[in-house]
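So you can see what is in the structure, the chains are spelled out below.
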Amino acid sequence: MIYIAMATGFLLILIGFYGALTNRNLLRMIVAFSIADTGVNLVIISVGYLPGRTAPILDTTVTAAAAATRIIDPVPQALVLTAIVIGVGITALMLAYALKLYEKKRTLDIAKFTELKW
Amino acid sequence: MVSAIYILIAALGAAFFLGFLKDGMRATAFAVTLAALVFMNFVSAGWLWSFAVDAAAPVEILTAGFSPPFAINLRMGLTEASLTLLVSLSGLLSALYLKDVLLALGRRSMAVLLIAVMALCGIILTRDTFNLFVFFELASIATAGLVLLSEDERALSAGFKYMIVAQAISVFLLIGIIFSYHATGTLNIDGMADASTELKTGASIAFFLMFIAVVAELKPFPANGWALDIYESAHPAFSAIFSAASGAAFLYAADKLLHIGGAAWFPLATGIGIITFVAANLLALPQSNDRRLLGYSSIAQTGLVLAVLGQQDILGDRYLFVAGGLLLAHSIAKAGLYWLSGLIAGRALPDWAALRSRPLLIFAFIVFIAMLSGLPPFPGFYAKWELARLLAGDGRIALLALILFGALLEAGYLFRWFGYILKREQPAQPVVCTPHKLAPVIAAVAAGWALGYLWGDLSGHANLLLTVPLLFALSFLLLEWLPAWIKNTLAIAGMLAFFVLTYAEYDPLRLIFAVIILIGGPVIFLASYHEHGRRLGFYPAAMLMFAGLALLIRTGDSFGFFAAWELLTVGSYFLILRGKHSEPHALSYIVFSLGGAFLILAGFALAAQGAAQYDLASLGLLTQPLAPWVFMLLAIGFMTKTAAIGLHIWLPGAHGEAETDVSPMVSGILLKAGLFGLFVLLMSMGKQQLYGIELTHVLLWIGALSALLGNLMAIFEEDAKRLLAYSSIGQMGYAVFGLALMNHLGWLMALMFVINHYIYKSMLFLSAGGVAKRTGTRDMYRMGGLITLMPLSFIATLIGIIAVSGVPPLSGFGGRWIFYNAILTSDARLPMVVLFFAGPIAFLYLFRLIHTVFLGQLKDEHRKLKEAPFWIILPQMIFVVLLLVFAVVPGLALRRVDIYLNQFFPEGGLNWAGTTISSNYGYWNPVAIMIAVAVIFGSLFAWLLFVNRKAQKVKQFNIVFAGERPYRPETTHFAWNFFAPYRKALGFMVQPFVTRFWEGLTNLLHVAADLSRRLYNGNGQSYAFHFIAFVVVVHFLWTGV
């Protein structure tokens, strides 16, 4: 199961990169990177997953004393939360950039923004 | 001590607080921003003080009440404190610089700036990999925001390109971090370093991904197009942060990762770093946009430091000294240059000529490019020396060669740029200079000098900023407001005083050089009294050269020698650049000289074999197979200064185009530095064989060919000063030949040439310069008949050419006499024949000086000329007297040296009995010769006067062009192309093969660079592809190796 999740994660990353490298439309590139980000998150989660264990929430069913043997690794989950937040921030910033770029040239084609080169 | 976490809290808190302010309260917002930045500086500086001065131990800062690995921890140590200070200081100064922009854009822009500085400090402080990722992303977001501070609309696309690459980087970084976590069970950097055996293997893909992602932020070649676009289009104040602070923070992040991965990963860092360093410097060559050029240079310098990070295994406890020296020199200089670029209206490199209206800013520019090129007395210089020493000591020669090659490229384009500033037309728009923009530049200059002092102190060698000659030279910077004649007097007095104080310390050989430099220099400085006004820039440059020369002959160890060599090179470069049309010649001079200096550096580093102190005298202890290579590197290095054939192309222009009083300094005195180096080299190392070839025999040939070709090139020259310059190549050829003979008389002859060449070449340059000043031209065929108008210049020239040509009775003959004796004891027949041919050729060009300039018909426009100015004539007359004295009593200088040379060559000295000097083959009595010549000359002259007493004067202009109307009238002058028949016969030998070779080489570099930089096609998608391809290719190369 975890291998399916991890493989899916890597597949999503590759799809994301493929999309970002083959689509010249700014918005499609941003979507592609979002897909890659999702893939990364999936990979992180799958790294922390341990078969047969429960969610890392301490309550009456999982006591603190038993936690070490009963829950999965909570660290990757915490990391994913952070990564998601950062991903949202970056996506928002890229979208803002795309908007401004569109306002400037009335195009979303990345190949049209090459006045800086060499 | 305030906890280091307040660095982060202050920035975050202030940024948060800015959100509560009304949009109209921009001044308040700006004050809050500055206050937060000042506080961050204060905290960092406080820690730096306690680590550096009180030697406090590094402090761990725990967060969330747990110790690692259960919570993130930060660390504050010496490195962290220096780097956070660097980051927050550049943030503060840039904020100040950005005042107008920030006030116009409001509090949000200030908040982003604070977050950027905070994120960079966080990268430096944190000891947690995931936290590192978070700060990376914060830095990316803030960077993408700050790029938009620019007025340049193109910054928008640059920011987006960066975001694309940053996305790809963060994917790799996260994957790398999570699998490293999986392998080690911790996110803590030190925890990973302790736990990991898997990551340390060099085959761990998890570590590779993490590392390559961090390295990608260092803009490695070729995945760095996005960074160049940012550098070109962003606001210069942001580029200053981006280059200085971001570079430093990300480099430290790379260092932390190397701490995890260990030695197995060092070669990867070095490989990526050095390729980036060389490639970026190469691609910078054809750049014309200033900010993009600085971007290339930034990328290169970051690459260099990355390469050094990968060398920490051999750098040992000097690691921080070297890496820190290079990094700080780069950061400060680059920030300063970006701040400067904001004061310039135009973006093309020649637009920087606007700086000419602000001498202070020119000084700042010089300081910055000297720091970047690793010139003394700045930190980069000491770091470069240590790095070369340790690399060569461990046998990493290829890396050393690449570093020096890249550094030479960089110095080349930086000094070319400086040439534009001084020599190109000033643009219409002046420098925009407001106090808040000027202050950061001044602060950077001050920081550069302070660090130069600090690094000198830490270097383990003499602190250059404490040496008397250098201090004396630098003090002229503070005296620039004085009129030239006062500074001139001070310069002369200072040099003479230094000689008097140090007189007793020289051995006879060094004494001769000391006299030429410290007494001979002031004699030439007499001519400088002719210049009026303040003569800005002349005295610091000239005194820097003389300081270098004085240090050169006084030093006993290789470090001091190399430092002095670089000082005199830089000083003389500034002097040469002062000539009206000197720009290209000064550039080729500095490139050849620095190239030579790097060879010398490599030679010394090889010789030292890692030893921290290396005396010049120990060169003699070197054995095969190292010795001949050291010999060769040093000899070629020294011969860039003596302008041996093949390395001579800079000399004619540099000496010919220099100012009247500069030409004799750089010809009569500076060339001797190279000879002194050869003296020292041959004295300690003697004969060396490489693959069975006797290297001194090669030197013999170089000397003979330089003499022949230098003289040949001189005879076809129309320009009087260039003729003299070419003649110097020939004369230095004689001296090199004499040295390479490796016998007593050969060395005595070389020394004779040292003295003679100083006297007559200084004299001839002064008289040619004086004549050129009056006639307004240096072309000899435009002159003629000046003997009656400028009799003193005529006498000086006459005496000079008699001395040069080596005919009795003057000292040139003494040189020849010793020379003939010397070659009789040598068995190098063929080069000797070549050298013999060179002799008569010298007559041909010397004859022209008298014949074309002073004899013949006076030009109409010269009828009212006066004698050359008094102050230019005065030193010439002193030289005339000197020549006559030296001709009659050569023993004055040579006798003691002759005895001194006995310890090297006991055989074949001269006998000094009375006025007669005798050798195994004959004798020479200078006094008798002088009397004989005087009698013969006197009686012939009297007879001439007698028979000419009734001669009738023929009017000028009694011939016309014989019915022709020539296309170029000057070509009908008999002195035009005077030696045309010889040119027909021998012209093939003076075809500018060497010039074409070097030109071809530089063109090749430029064309290659121009083609390769097209890789950066401006498309963000291509940049993303570059990055991913870079990761893949590096991975395959790395695992394949």
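The model shown is predicted, which means the values in this text are computed figures rather than measured ones. (Residues numbered from 1 in each chain as written. Chains lettered and ligands numbered in written order. Predicted model: local features only at pLDDT ≥ 70, side-chain atom pairs only at ≥ 80, totals over all residues.)

Digging into the overall build of chain B
When its secondary structure is counted, chain B shows 40 helices and 7 strands. In summary, chain B has a C-alpha radius of gyration of 32 Å against a globular reference of 31 Å for 1041 residues, a match within 12%. Considered along the principal axes of its C-alpha atoms, chain B spans approximately 110 × 60 × 50 Å. Out of the 1041 residues in chain B, the part that is buried amounts to 58%. Intrachain contacts of chain B at a sequence separation of at least 6 include 81% that bridge at least 24 residues. (Helix = DSSP H or I, 4+ residues; strand = E, 2+ residues; numbered from the N terminus. Rg over C-alpha atoms; globule rule 2.2 N^0.38 Å. Buried ≥ 20, exposed ≤ 12 C-beta atoms within 10 Å, placed from the backbone. Contact = placed C-beta atoms within 7 Å.)

Some details on the overall build of chain A
What chain A contains, in helices and strands, is 4 helices and 0 strands. Listed N to C, the secondary structure of chain A is α-α-α-α in terms of helices and strands. Compactness check: chain A gives a C-alpha radius of gyration of 19 Å against a globular reference of 13 Å for 118 residues, more than 25% above the reference. Its C-alpha atoms put chain A at 60 × 25 × 25 Å along the principal axes. Burial analysis of chain A (118 residues in total) assigns 33% to the buried set. Here the analysis covers contacts within chain A between residues at least 6 apart in sequence; of these, 60% occur between residues at least 24 apart.

Some remarks on the sheet that holds strand S5 (residues 911–913) of chain B
Residue and element names in this part refer to chain B. Within the open sheet, the 3 strands sit side by side as S5-S6-S7. Their pairing is antiparallel. In this open sheet, the two strands that pair with only one neighbour each are S5 and strand S7 (923–924). Sheet topology note: the S5/strand S6 (residues 916–918) ladder contains 3 bridges and is antiparallel. Looking at S6, one finds that Ala913 is bridged to Thr916. (Pairing = 2+ DSSP bridges.)

Comments concerning the interface of chain A and chain B
Facing 34 residues of chain A, the contacting portion of chain B comprises 36 residues. Looking at the side of chain A that touches chain B, the elements that each hand over two or more residues are helix H1 (2–22), helix H2 (26–48) and helix H4 (74–105) of chain A. Ranked by residue count, the leading element in the side of chain A that touches chain B is H4(A), at 14 residues. When the residues that make up the side of chain A that touches chain B are grouped by side-chain class, the tally is 26 nonpolar, 3 polar and 5 charged. (Nonpolar A, V, L, I, M, F, W, Y, C, P; charged D, E, K, R; others polar.)

Considering the environment of Gln287(B)
Residue and element names in this part refer to chain B. Among the secondary structure elements, Gln287 is positioned in the loop between helix H12 (266–284) and helix H13 (290–309). Sequence separation of Gln287 and Ala1009 is 722 residues, and the distance between their C-alpha atoms is 9.4 Å. Non-local contacts of Gln287, meaning those with residues more than four positions away in its chain, are made with Arg292, Leu293 and Tyr296.

Quick word on the nonpolar core
Residue and element names in this part refer to chain B. If you look at the biggest cluster of nonpolar residues, it comprises 431 residues, and the most contacted ones within it are Ile123 and Ala254. Tallying contributions element by element places helix H7 (residues 155–184) first for this core, with 20 residues. The residues that make up this core include at least three from each of domain 1 (1–127) and domain 2 (467–940). Here Ile123 is in contact with Leu132, Phe135, Phe136, Ala139, Ala249, Phe250, Tyr252 and Ala253, once residues within four sequence places are set aside. (Core = buried A, V, L, I, M, F, W, Y, C linked by C-beta atoms within 7 Å. Domains from an automatic or database assignment.)

Remarks on the packing of helix H21 (residues 484–502) of chain B against helix H22 (residues 508–528) of chain B
Residues and elements named next belong to chain B. Packing of H21 against H22 brings their axes to within 9 Å, and their N-to-C directions diverge by 165°. Judged by the angle between their axes, H21 and H22 are roughly antiparallel. As for the relative orientation of H21 and H22, their crossing is left-handed in sense. Between H21, through Asn488, Ala491, Ile492, Met495, Leu496, Phe498 and Phe499, and H22, the contact on the second element is made entirely by Ala514, Leu518, Ile519, Gly521, Pro522, Phe525 and Ser528. For the contact of H21 with H22, the residue count by class is 11 nonpolar, 3 polar and no charged. (Axes fitted to C-alpha atoms, helices over the stretch in contact; angles between N-to-C directions. Parallel < 35°, antiparallel > 145°, perpendicular 65-115°, else oblique. Left-handed = near helix turned anticlockwise from the far one by under 90°.)

A look at the confidence of the model for chain B
Residues of chain B with pLDDT of at least 70 account for 98%, and the chain-wide mean is 91. Among the prediction metrics, the complex's ipTM stands at 0.96, with pTM recorded as 0.94. (pLDDT = per-residue confidence, 0-100.)

Digging into the environment of Asp507(B)
Among the structural elements, Asp507(B) can be located in the loop between H21 and H22. Placed 143 residues apart in sequence, Asp507(B) and Ala364(B) show a C-alpha to C-alpha distance of 40 Å.

So, unusual backbone geometry
For residues besides glycine, phi is generally negative; the peptide bonds are generally trans as well. Residues and elements named next belong to chain B. The omega torsion of the bond from Pro376 to Pro377 falls at 0°, within 30 degrees of zero and hence cis. Along the polypeptide, Pro377 turns up in the loop between helix H16 (359–372) and helix H17 (379–393). Pro809 follows Pro808 through a cis peptide bond whose omega is 10°. If you check the backbone angles, Lys219 has positive phi at about 60° while not being a glycine. With respect to the helices and strands, the residue Lys219 is situated in the loop between helix H9 (205–216) and helix H10 (225–233). By the C-beta count within 10 Å, which is 31 here, Lys219 ends up buried.

Section: the domain arrangement of chain B
By domain assignment, chain B separates into domain 1 (1–127) and domain 2 (467–940). Relative to domain 2 of chain B, the C-alpha centre of domain 1 of chain B lies at a distance of 57 Å.

Quick look at the packing of H12(B) against H13(B)
Residue and element names in this part refer to chain B. Interaxial distance between H12 and H13 falls to 7 Å at its minimum, and their mutual angle equals 160°. Between H12 and H13, the crossing angle belongs to the class labelled roughly antiparallel. Once H12 is placed against H13, the crossing between them reads as left-handed. Of H13, the residues touching H12 (which contributes Ala269, Thr270, Ile272, Gly273, Ile274, Thr276, Phe277, Ala280, Asn281, Leu283 and Ala284) are Leu293, Tyr296, Ser297, Ile299, Ala300, Gly303, Leu304, Leu306, Ala307 and Leu309. Of the residues contributing to the contact of H12 with H13, the split by class is 15 nonpolar, 6 polar and no charged.

Structural notes on the environment of Ala887(B)
Residues and elements named next belong to chain B. Within the secondary structure, Ala887 sits in helix H35 (residues 870–888). Ala887 gets classed as buried once you count the C-beta atoms within 10 Å, which come to 24. Sequence spacing of Ala887 and Trp485 is 402 residues, and the spatial spacing of their C-alpha atoms is 33 Å. The contacts of Ala887, once residues within four sequence positions are left out, are Pro809, Leu810, Ser811, Gly814, Pro926 and Met930.

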